[in-house]
Amino acid sequence: MIDFKVIGEPVILKNARKICPNDIEKCIEAGRYGALKRALKEMSPEDVIEEVKKSQLRGRGGAGFPTGLKFELAAKEKSDKKYVVVNGEEGEPGTFKDRIIMEDSPHLLIEGTILAGYAIGADEGIICVRCDYIKAIKRLRKAIADAYNMGILGKNIFGTDFSFDITIERGAGAYVCGEETALLEMLEGKRGEPRKKPPFPPQKGLYGKPTVVNNVETLANLPFIISEGADRFLEFGIDGSHGTKLFSLSGDIEWKGLIEIPFGATIKEIIELAGGVKDGKKLKAVILGGVSGTLVRYDEVDISVDYHSLGVIEAGPGCGTIIVLDETRDIVDVTENIMEFFRTESCGKCRPCSLGTVSLCNLIHRIKEGNGTEEDLKKIEKISIGMRKASFCGLGQTAPNILYQSIQKFRDEWLAHVRGGKNDRDGYHKNRRQRIHGRVGTDDS
Ligand SMILES: Cc1cc2nc3c(=O)[nH]c(=O)nc-3n(C[C@H](O)[C@H](O)[C@H](O)COP(=O)(O)O)c2cc1C
Ligand code: SF4
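The residue numbers shown here count from 1 along each chain, following its written sequence. Following the order in which they are written, the chains are lettered starting with A and the ligands numbered starting with 1. The model is predicted, so local features are restricted to residues of pLDDT at least 70 and side-chain atom pairs to those at 80 or more, both for listing and for counting; the totals for chains, interfaces and linings are taken over all residues. For the side-chain quantities, the full set of heavy atoms in the structure was used; hydrogens and water were omitted.

Per the secondary structure count, the chain includes 20 helices and twelve strands. Viewed in the frame of its principal axes, the chain has a C-alpha envelope of about 75 × 45 × 40 Å. Residue contacts follow a heavy-atom distance rule, with two residues in contact if any of their heavy atoms lie within 4.5 Å. Within the chain, contacts between residues separated by at least 24 positions form 71% of all contacts whose residues are at least 6 apart in sequence. Accessible surface area values rest on a Shrake-Rupley calculation with a 1.4 Å probe, where residue burial reflects the displayed protein chains alone. For the chain, the exposed surface amounts to about 18,600 Å²; the carbon and sulfur share of it is 49%. Secondary structure elements follow DSSP: runs of H or I no shorter than four residues count as helices, runs of E no shorter than two count as strands, and numbering proceeds from the N terminus.

Have a look at this one:
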């Protein structure tokens, strides 16, 4: 079981593992669905949107788009049908925050989803869960059935004229299907490939109807904002980054798990809260915000993990992943692993990404085999820049991020591989096979 810690007052994990998620009555006693009742009985959909806008909540799925604005865009559209799609694909390596919410607080997510539906005028929500999150799917199914039995889902919720249904869909198991438009394609039964934008989902989403696609953690913030008010929410965090953030900690760190902490802590502080680098080793770098995110070097970790501070270095908290690398990690090994992931996950729709990921992997392999040159490093940089500019979707645009930054920040290490030329082809290929076949699956207990 994944462990978690809460630093300060929690917004998301307040009742997680304290109240059994299978006992809806206990959840209601503890305040669950109070925000929904308040919204349906005392607030108009416009009031809900205003409160969310005032809270300055930003999407927790990676891009940080203002949630209230997204709701407003969908609410403005005139349509006989609208949808809320919950993005629980969570395909980013090292990320498990949405899993914990879905497993341990399914009613929190259901309440947030209904609130979003009320705000935009939708009558249907679809929670799309990563296919191997078996426990999350089971818990959500039970929670949805219990909510229907209690009149919290279905027709005339709490005796009002608002009706809302929720279903669960299992994701296709591909990383690209977490991209919002690929997710919609997949839900329509098509191949999970991203769509051209605009139009954006709030205008033309699922089956061409206005749709908000929101991350699990984003929606889990709504019950707090509606029950406690936006002003209370603004007390958490710092200017421009309000609320708390869930961080998934993994890699060479003493304690691995999930931390909920108000925005504003530095990467260094978060690592210290988790007991520091494993076995007292020195820190080499941190992969922040996922393998498509930012490579933060040991001497840069004093930076606060908030939208403004990270924006200055063209980064962001992303989905809140922190993968710690200790001093013994070979940066070329790390980036090879990441690029192999992207090569496998590229959907093949556009050439800059489908060919670019293959070329980058081949160049890294050549360098690791001892046959690389400094010219190869230049080629890597050139392909990376080309992919960023020309790829069709966020996957290809961000896939070379860590690799490119590793050459900027750990150039000596790359040059040592190029100049040293290990030439250990047999050992290299053996290790590679072991790494690929030894991948750890997901605990589905
Ligand atoms: C390749 C790729 C994978 C993504 N995977 C996820 C994911 O697993 N979960 C998620 O919430 N957002 C993911 N996103 C971001 C979504 O496209 C979208 O921005 C997000 O679901 C919007 O929700 P939010 O506004 O609440 O953050 C991914 C984006 C890309 C480009
Ligand atoms: S960038 Fe990659 S994942 Fe995105 S559409 Fe192109 S090939 Fe597919």
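Structure's up, so let's keep going.
The buried label applies to any residue whose accessible area, calculated with a 1.4 Å probe on protein chains only, is under 20% of its type's maximum; exposed applies above 50%, and partly exposed to all values in between. Burial of strand β12 (residues 321-326) is extensive: six of the six residues sit out of reach of the surface. Covered by surrounding structure in β12 are Thr321, Ile323 and Leu325 together with Ile322, Val324 and Asp326, the residues of both alternating faces. By the bridge criterion, four bridges tie strand β8 (residues 244-251) to β12 in an arrangement that is parallel. Paired with Gly251 across the strands is Val324, a residue of β12. Of the pairings in the sheet, the one linking strand β10 (residues 283-288) to β12 comprises five bridges and is antiparallel in character. Paired with Ile287 across the bridge in β12 is Ile323. For two strands to be treated as a pair, DSSP must find no fewer than two bridges joining them.

Before going further, it helps to examine the site of ligand 1. Around ligand 1 there are 18 residues in total, and Gly61, Lys70, Asn214, Asn215 and Thr218 lie nearest to it. Between an oxygen atom of ligand 1 and a main-chain N or O atom of Gly61, the distance comes to 2.8 Å. Residue Gly91 places a main-chain N or O atom 3.5 Å away from an oxygen atom belonging to ligand 1. In isolation ligand 1 has 610 Å² of accessible area, and contact with the protein removes 88% of it. Near is defined per residue: the residue qualifies when any heavy atom it owns lies within 4 Å of the molecule or strand. Pairs of N or O atoms are called polar contacts if they sit within 3.5 Å, as long as, within protein, a hydrogen donor faces a hydrogen acceptor (for residues adjacent in sequence, only side-chain-to-side-chain pairs).

Picture the strands of a sheet paired through backbone hydrogen bonds; they go either parallel or antiparallel. Reading across the sheet, the four strands line up as β4-β3-β2-β5 and stay open at both edges, with parallel pairing between neighbours. With partners counted over all chains shown, the strands left at the sheet margins are β4 (165-170) and β5 (211-215), one partner each. Taken over all neighbouring pairs, the strand axes of this sheet differ in orientation by 20° on average, direction set aside. Strand direction decides the pairing type here: strand β2 (residues 83-88) and strand β3 (residues 124-129), joined by six bridges, are parallel. Each residue of the ladder has a partner; that of Val84, found in β3, is Gly125. Simply put, an axis is a line fit to the C-alpha atoms, just over the touching stretch for a helix, and the angle between two N-to-C directions goes from 0 to 180 degrees.

Inspection of the region around ligand 2 gives 13 residues, with Cys347, Cys350, Cys353, Cys393 and Gly396 positioned closest. The nonpolar class holds Ala, Val, Leu, Ile, Met, Phe, Trp, Tyr, Cys and Pro. Asp, Glu, Lys and Arg form the charged class, and all remaining residues, Gly among them, are polar. For the shell around ligand 2, the per-class residue count stands at eight nonpolar, four polar and one charged.

Think of a salt bridge as a Lys or Arg side-chain nitrogen and an Asp or Glu carboxyl oxygen that are within 4 Å of each other. A full pass over the atoms with the stated rule returns 39 salt bridges. Where Arg38 meets Glu42, a salt bridge forms, and the shortest distance between an N and an O atom there is 3.5 Å. In this pair, Arg38 and Glu42 are both assigned in helix α2 (residues 34-42), four residues apart and thus about one turn of the helix distant. With relative accessibility at 32%, the residue Arg38 sits in the partly exposed group. Here Glu235 makes a salt bridge to Arg232, at a shortest N to O gap of 3.1 Å. In this structure Arg232 comes out as partly exposed when scored by relative accessible area, which is 23%.

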